[in-house]
Amino acid sequence: MRPHHRPTPRVTRLLGSLLLVAAAGTFVAGAAPTPEVAAEEAARKARPLGEVVPAPASVAPGGSPYRITRDTRIRVGASQEVRRIGEYAAKVLRPSTGYPLPVTASGGQDGIRLRLAKGAFGAEGYRLDSGAKGVTITAAKPAGLFHGVQTLRQLLPAAVEKDSVQPGPWLIAGGTVKDSPRYGWRGAMLDVSRHFFTVDQVKRYVDQLALYKVNKLHLHLSDDQGWRIAVDSWPRLATHGGSTQVGGGPGGFYTKADYKEIVRYAASRYLEVVPEIDMPGHTNAALASYAELNCDGVAPPLYTGTDVGFSSLCVSKDVTYDFVDDVIRELAALTPGRYLHIGGDEAHSTSHEDYVTFMARVQPVVAKYGKTVVGWHQLTGATPAKGAVAQYWGLDGTSAEEKERVAAAARNGTGIVLSPADRIYLDMKYTADTPLGLDWAGLVEVERSYDWDPGNYLPGVPASAVRGVEAPLWTETITKSDDIEYMAFPRLAGAAELGWSPAATHDWDTYKVRLAAQGPRWEALGIDYYRSPQVPWPAR
Ligand code: TNX
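Cut-offs used in this document
Residues numbered from 1 in each chain as written. Predicted model: local features only at pLDDT ≥ 70, side-chain atom pairs only at ≥ 80, totals over all residues. Heavy atoms only, no water. Helix = DSSP H or I, 4+ residues; strand = E, 2+ residues; numbered from the N terminus. Rg over C-alpha atoms; globule rule 2.2 N^0.38 Å. Buried < 20%, exposed > 50% of the residue type's maximum accessible area, 1.4 Å probe, protein only. Contact = heavy atoms within 4.5 Å. Areas by Shrake-Rupley, 256 points an atom, 1.4 Å probe, with all protein chains shown as cover. Phe/Tyr/Trp six-rings, centres within 6.5 Å; stacked < 30°, edge-to-face > 60°. Lys NZ or Arg CZ within 6 Å of the ring centre and 35° of its normal. Pairing = 2+ DSSP bridges. Axes fitted to C-alpha atoms, helices over the stretch in contact; angles between N-to-C directions. Disulfide = S-S within 2.5 Å. Near = heavy atom within 4 Å. Polar contact = N/O pair within 3.5 Å; in protein donor to acceptor, adjacent residues only side chain to side chain. Parallel < 35°, antiparallel > 145°, perpendicular 65-115°, else oblique. Nonpolar A, V, L, I, M, F, W, Y, C, P; charged D, E, K, R; others polar. Core = buried A, V, L, I, M, F, W, Y, C linked by side-chain atoms within 4.5 Å.

### Section: the overall build of the protein
Item 1. Within the protein, the secondary structure is distributed over 17 helices and 19 strands.
Item 2. Taken over C-alpha atoms, the radius of gyration comes to 26 Å for the protein, in line with the 24 Å a tight globule of 540 residues would show.
Item 3. Structurally, the protein occupies a C-alpha span of about 105 × 45 × 45 Å along its principal axes.
Item 4. Relative to its full complement of 540 residues, the protein shows a buried share of 57%.
Item 5. The long-range fraction of contacts in the protein, counting pairs at least 24 apart against all pairs at least 6 apart in sequence, stands at 74%.
Item 6. Of the roughly 20900 Å² of accessible surface on the protein, 54% is carried by carbon and sulfur atoms.

### A look at the packing of aromatic side chains
Item 1. Taken as a whole and assessed by the stated rule, the structure comprises 27 aromatic pairs.
Item 2. When the ring of F146 is compared with that of Y270, the centres are 5.1 Å apart and the planes differ by 45°; the resulting orientation is tilted. Remark: Y270 occurs in the loop between α7 (256–268) and β14 (272–279) and F146 occurs in helix α4 (residues 142–155); sequence separation between them is 124 residues.
Item 3. Under the relative-accessibility criterion, Y270 is labelled buried at 14%.
Item 4. Ring-pair connections join several aromatic residues into one group, and the members of that group are Y212, F489, W522, Y529 and W537.
Item 5. Its guanidinium or amino end placed over the ring of Y265, R269 lies 4.2 Å from that ring's centre, counting from NZ or CZ.
Item 6. Directly above the ring of Y430 sits R491, whose terminal nitrogen or CZ lies 3.8 Å from the centroid.

### Comments concerning the sheet that holds strand β7 (residues 134–139)
Item 1. Pairing is mixed in the open sheet, where seven strands are placed in the order β1-β9-β6-β7-β5-β3-β4. Here the strands that pair on one side only, and so sit at the sheet edges, are β1 (58–61) and β4 (103–104).
Item 2. The pairing of strand β3 (residues 74–75) with β4 spans two bridges and is classified as parallel. Residue pairing in the sheet places I74 in a bridge with V103 of β4.

### Thoughts on the sheet that holds strand β16 (residues 372–376)
Item 1. Taken in spatial order, the eight strands of this closed barrel run β10-β11-β14-β15-β16-β17-β18-β19, and their pairing is parallel. For this sheet, the mean inter-axis angle between neighbouring strands, taken without regard to orientation, is 30°.
Item 2. Where β14 meets strand β15 (residues 339–343), two bridges bridge the pair, whose relative direction is parallel. From the neighbouring strand, E276 faces β15, where its bridge partner is H341.

### Observations concerning the state of the cysteines
Item 1. Counted by the stated rule, this structure contains one disulfide.
Item 2. Here C295 is linked by a disulfide to C314, with a sulfur-sulfur distance of 2.0 Å. Between C295 and C314 the sulfur-sulfur dihedral comes to about 95°; the bridge is accordingly right-handed. Here C295 is found in the loop between α8 (284–289) and α9 (318–334), whereas its partner C314 is found in the loop between α8 and α9, with 19 residues between them in sequence.

### A few points about the site of the ligand
Item 1. Surveying the vicinity of the ligand reveals 14 residues, the closest of which are R194, Y425, D427, W440 and E476.
Item 2. At 2.8 Å, a side-chain N or O of D345 approaches a nitrogen atom of the ligand.
Item 3. At a separation of 2.7 Å, an oxygen atom of the ligand approaches a polar side-chain atom of W440.
Item 4. Computed on the free molecule, the ligand has an accessible area of 360 Å², of which 98% lies beneath the protein chains in the complex.

### So, the packing of helix α16 (residues 508–516) against helix α17 (residues 518–525)
Item 1. Close contact between α16 and α17 brings their axes to 5 Å; oriented N to C, the two are set at 25°. Classified by the angle their axes make, α16 and α17 are roughly parallel. Where α16 approaches α17, its residues R514, L515 and A516 are matched on the opposing element by Q518, G519, P520 and W522.
Item 2. A per-class count over the contact of α16 with α17 returns four nonpolar, two polar and one charged.

### Topic: unusual backbone geometry
Item 1. With omega at -5°, the peptide bond leading from V53 into P54 counts as cis.
Item 2. Within the fold, P54 resides in the loop between α2 (35–45) and β1.
Item 3. Geometrically, the link from F489 to P490 is a cis peptide bond, its omega value of 15° lying close to zero.
Item 4. Counting through the fold element by element, P490 comes out in the loop between α14 (481–488) and α15 (491–500).

### Observations concerning the nonpolar core
Item 1. Counting 144 residues, the largest nonpolar core has I68, W227, Y254, Y259 and F323 as its most contacted members.
Item 2. The element that contributes the greatest number of residues to this core is α9, accounting for eight residues.
Item 3. Ignoring any residue separated from it by four or fewer positions in sequence, one finds Y254 in contact with V192, F196, F197, T198, V199, V202, L221, R228, I229, A230, Y259 and I262.
Item 4. Counting nine residues, the second-largest nonpolar core is a separate cluster that includes M189, A421, Y425 and V444.

### Considering α15
Item 1. Here α15 lies mainly inside the structure; 10 of its 10 residues are buried.
Item 2. Within the sequence span of α15, burial applies to R491, L492, A493, G494, A495, A496, E497, L498, G499 and W500.

If you want it as structure tokens, here you go:
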């Protein structure tokens, strides 16, 4: 940093003052600092430009910071969608700054500007330029502007996230951030079957995911313990199959209007909903709702325990495929996203032959309704449809044979989303003392969760087959938003960074410092989180 310029004392000043200046050697008491001094002072108070999670692709600090003031406007141009992003930013910034921050279409170089422009930004990238006059976020697509707004939030002090007026100052360091994601699939899965979560609880999680530029919300909508989406042609799936959950509570389900509201809200945060109906195993709730879906024609009771692998659709019955067609047709019609997840994991009560038969019949149904198949990686034990995506959830100890099956499919064109259970299963305990969660994949502390590379994680998988990273949260032990947050934070931020940031930025020692700065932000937002001793959190 350059040394401070010292203000020149005026000759008319009292001798006493001059003596004081000489004695202090630095500052003139009461004199207004020159603009340079003021700028340097401010620059020192601004948060470092690169201290963001996920790490931006490139950061070039320099120049004066921008200060948000009572006069700041949010300039959005003529696009309605950009205006909506501007309103979103204003909603984040108004309560804590106490400033009006009007969103305006009127032109001007100052303030917070959101601009769409042609350029090599990609579908989700953006550029952020900050200087004394303003902050400009430029992107080719609205999604890029939205992600740029998340960066802007993190460049401001943590107190900006509070819902009451805070002192400021509201500085954004000077310089330029150029940013775009490493992968197009940066997901989080929420299991709403083992325990049901309301639309509002899902929205709360969506808001938290958006902070870290996550762009897929995978909803695990059916399992043994509960069917959570209304299907008009098979109404008992929801009314009976959705009527309980793990532990025997009341469960619940989303009406079509509820589900559309989740889709709409997620889309407003640039997340695509990937709905999952898990088949042919994990289907007790469906089997309990319709006797004819069972090979023996007898409906089992509803199930509220946590075992897996005991249920299967009846692969040899035609009615099974009528059911599957109806469910996929109705769900596809509600889902603007490209993907439909058909599960396929832990079908321990389905013979291998039946599994292969079932997947060969069901995958074309997904295509018929215009969607791309996603399945858990067991799908690679059948023949994945052209263009399908397999979600890998193995662990270090998974057999070489199973890993090679996934790798062979990847070499054959199947896309791979990485969700290694001993890294980013958010339901794994951090330590033996973690009050929530499971430990079948091991204990997963924050460093272990972060410290792997999706690009070369699975041997034999070409880097080009890797679509990205997804952090699943299974909810056998999770019953409320605080539980979701405690298990997701801080590991979710790491998974998001693995999906977004260039491999070259990957470094635990610098990551943990950026991560530590998120703690006060989570506190300001009321997000419960695990204060891992591996992370140098600021004192509270
Ligand atoms: C395995 S991962 C499952 C889920 C459980 C989870 C608990 C996968 C595809 N299946 O049914 O909820 O472990 O961690």
